[in-house]
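The primary structure of each chain is shown beneath.
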Amino acid sequence: MFGPNWFASVMGTGIVAVAAATLPVHLPGLHAFATVMWLLATLLLATVIVAFARRGTTHGADPVLVQFWGAPPMALMTVGAGTLLLGPGSIAVTASFVLWSAGTVLGLIVAVAVPYRMMTRPGTAPDAAFGGWLMPVVPPMVSAATGALLVPHVPDGRDLLLVCYALAGISLIASLVVITQIWTRLVNHQVGAARMVPTLWIVLGPLGQSVTAFHLLGRSAEGVLPDLYASGAQMLAVLYGVPVLGFALFWAALATAITVRTARDGLPFSLTWWSFTFPVGTVVTATGGLATRTGSPVLTVLAVTLFAVLLTAWAIVATRTLRGVRQKTLWPAAPQPVPATR
């Protein structure tokens, strides 16, 4: 059977293309590289959808894997963003809007259905919270960021802009609740199973994506909202973005320390390793957006450095995934549930 966590490979590949296309420096061959990665992500999306349709899934009852139903809508929208940034003309706009619409609808369904299932099922253990709990609630933030890119291409973008701000609010507040639960679990119950450690990096996803979203929404507000609110949106992008980027870097330091500590004793490969890619990519786009907005050379250097980290992580995870596919060690591709302790 085929788990929804396979869509994380599309997310991780697509964010490399988006990050390369929006990096605040112009390097030789960077645009061509971004285009190749976008085409690869598009091919991966088609492949995973076909495999998903053929194999089906029986992982709906798995309390761990059910969280990763947030991956399919984010995969659709990540490829859609790459299409708009790197694709050809009006066709790219149409394709991006279709992917954004499908991803947004599916993402809202997941954002309600998965938490509802968690709230109504009995027996959640005190140490059950993990990074994957963020997966169902992050898609609306991805909708906000990618939808902001579409605002200039809509005849009257005001409603779309307001919808994107509302989507950002859904994800931001829900993510803050979940991140608090993850922090509490780590402090009270320690790190837990080694195979779940990579999911700690998912926390960077809503942080980086929210900074990216408010940057892009602020940019799209110009000429769409009245001047007072457009100016407020511009200020919000910086006054929100810089502090949250600081917390994202703080969390990255914690996640790095825990990952290194765990790796010393053995960090088994699984599809959760894709958590090293997309979340880091959102921090790259967030840093790049703030660098472009503020003109800060420090943020520019940081964005390029983080992009190099992203490329390294993607190369390692993609190689290990390809090896696992060839050796058939990723079938079924699902992390096992963490044993409940009561």
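You'll find the structure just up there.
A short tour of the structure in this document, coming up. (Residues numbered from 1 in each chain as written. Predicted model: local features only at pLDDT ≥ 70, side-chain atom pairs only at ≥ 80, totals over all residues. Heavy atoms only, no water.)

## Details of the layout of surface pockets
Okay, step 1: In this structure, the largest pocket occupies an estimated 560 Å³ of space.
Okay, step 2: Broken down by secondary-structure element, the contributors of at least two residues to the lining of the largest pocket are α1 (7-22), α2 (30-55), α3 (71-86), α5 (139-150), α7 (204-221) and α9 (278-294).
Okay, step 3: As a volume, the second largest pocket reaches approximately 360 Å³.
Okay, step 4: Trp-201, Phe-276, Val-280, Val-309 and Ala-313 are the residues nearest the centre of the second largest pocket, which is lined by 18 residues in total.
Okay, step 5: Contributing elements (two or more residues each) for the lining of the second largest pocket: α8 (227-265), α9 and α10 (297-327).
Okay, step 6: Looking at the lining of the second largest pocket, the element that brings in the most residues is α10, giving six residues.
Okay, step 7: Partitioned by chemical class, the residues of the lining of the second largest pocket number 15 nonpolar, three polar and no charged. (1 Å grid on protein atoms, 1.4 Å probe; cavity = no way out; pocket = protein on both sides within 12 Å on 5 of 7 lines; lining within 4 Å. Points joined across faces, edges and corners; volume = space filled by probe spheres on them. Helix = DSSP H or I, 4+ residues; strand = E, 2+ residues; numbered from the N terminus. Nonpolar A, V, L, I, M, F, W, Y, C, P; charged D, E, K, R; others polar.)

## Things to note about empty space enclosed by the protein
Space left empty within the atom packing is revealed by a probe, the size of a water molecule, rolled over the atoms.
Okay, step 1: For the structure shown, the criterion picks out three cavities of 30 Å³ or more.
Okay, step 2: Of the pockets and cavities examined, the largest cavity occupies roughly 140 Å³.
Okay, step 3: If you go around the largest cavity, you meet 16 residues; those closest to its centre are Met-11, Met-135, Ile-202, Phe-278 and Pro-279.
Okay, step 4: Mapped onto the lining of the largest cavity, the elements with two or more residues apiece are α1, α7 and α9.
Okay, step 5: Residues of the lining of the largest cavity, tallied by class, amount to twelve nonpolar, four polar and no charged.

## Considering the nonpolar core
Soluble globular proteins tend to bury their nonpolar side chains together.
Okay, step 1: With 114 residues, the main nonpolar core has Leu-134, Ile-182, Leu-204, Trp-251, Phe-307 and Leu-310 as its most contacted residues.
Okay, step 2: In this structure Ile-182 touches Ala-129, Phe-130, Gly-131, Leu-134, Leu-200, Val-203 and Trp-251, once residues within four positions along its chain are discounted. (Core = buried A, V, L, I, M, F, W, Y, C linked by side-chain atoms within 4.5 Å. Buried < 20%, exposed > 50% of the residue type's maximum accessible area, 1.4 Å probe, protein only. Contact = heavy atoms within 4.5 Å.)

## Overview of a nonpolar patch on the surface
Okay, step 1: Taken together, the side chains of Trp-183, Val-187, Phe-247, Phe-250 and Leu-254 define a hydrophobic patch exposed on the protein surface, amounting to about 430 Å² of accessible area.
Okay, step 2: Elements represented by at least two residues in the nonpolar patch include exactly α6 (158-189) and α8.
Okay, step 3: Mapped onto the elements, Phe-250 comes out in helix α8.
Okay, step 4: With relative accessibility at 39%, the residue Phe-250 sits in the partly exposed group. (Patch = residues over 30% accessible without salt bridge, like charges linked within 9 Å, V, L, I, M, F, W, Y side chains within 5 Å. Areas by Shrake-Rupley, 256 points an atom, 1.4 Å probe, with all protein chains shown as cover. Salt bridge = Lys/Arg side-chain N within 4 Å of Asp/Glu carboxyl O.)

## Topic: the packing of α3 against helix α4 (residues 89-120)
Okay, step 1: The N-to-C vectors of α3 and α4 enclose an angle of 160 degrees; their axes lie 8 Å apart at closest approach. As summarised for this structure, α3 and α4 are arranged roughly antiparallel, according to the angle between their axes. For the crossing formed where α3 meets α4, the hand is left-handed. In this structure, α3 contributes Pro-72, Pro-73, Leu-76, Met-77, Val-79, Gly-80, Ala-81, Thr-83 and Leu-84 to the contact, and α4 contributes Ala-92, Val-93, Ala-95, Ser-96, Leu-99, Trp-100, Ala-102, Gly-103, Thr-104, Leu-106 and Gly-107.
Okay, step 2: Partitioning the contact of α3 with α4 into residue classes produces 14 nonpolar, six polar and no charged. (Axes fitted to C-alpha atoms, helices over the stretch in contact; angles between N-to-C directions. Parallel < 35°, antiparallel > 145°, perpendicular 65-115°, else oblique. Left-handed = near helix turned anticlockwise from the far one by under 90°.)

## Side note on the packing of aromatic side chains
Okay, step 1: A full pass over the atoms with the stated rule returns twelve aromatic pairs.
Okay, step 2: Look at Phe-52 and Trp-69: their rings are 5.6 Å apart centre to centre, the planes differ by 85 degrees, and that puts the pair in the edge-to-face class. Residue Phe-52 is found in helix α2, and its partner Trp-69 is found in the loop between α2 and α3; the two are separated by 17 residues along the sequence.
Okay, step 3: A relative accessible area of 19% means that Phe-52 is categorised as buried.
Okay, step 4: In this structure Trp-69 comes out as partly exposed when scored by relative accessible area, which is 24%.
Okay, step 5: With 6.1 Å between their ring centres and 35 degrees between their planes, Phe-97 and Trp-100 make a pair best called tilted. Note that Phe-97 and Trp-100 are positioned in helix α4 at a spacing of three residues, about one turn of the helix.
Okay, step 6: The class of Phe-97 is partly exposed, set by a relative accessible area of 39%.
Okay, step 7: Using a relative accessible area of 9% as the deciding quantity, one classes Trp-100 as buried.
Okay, step 8: Through successive ring pairs, a cluster of aromatic residues spans Trp-183, Phe-247, Phe-250 and Trp-251. (Phe/Tyr/Trp six-rings, centres within 6.5 Å; stacked < 30°, edge-to-face > 60°.)

That's the geometry; what it means functionally is another story.
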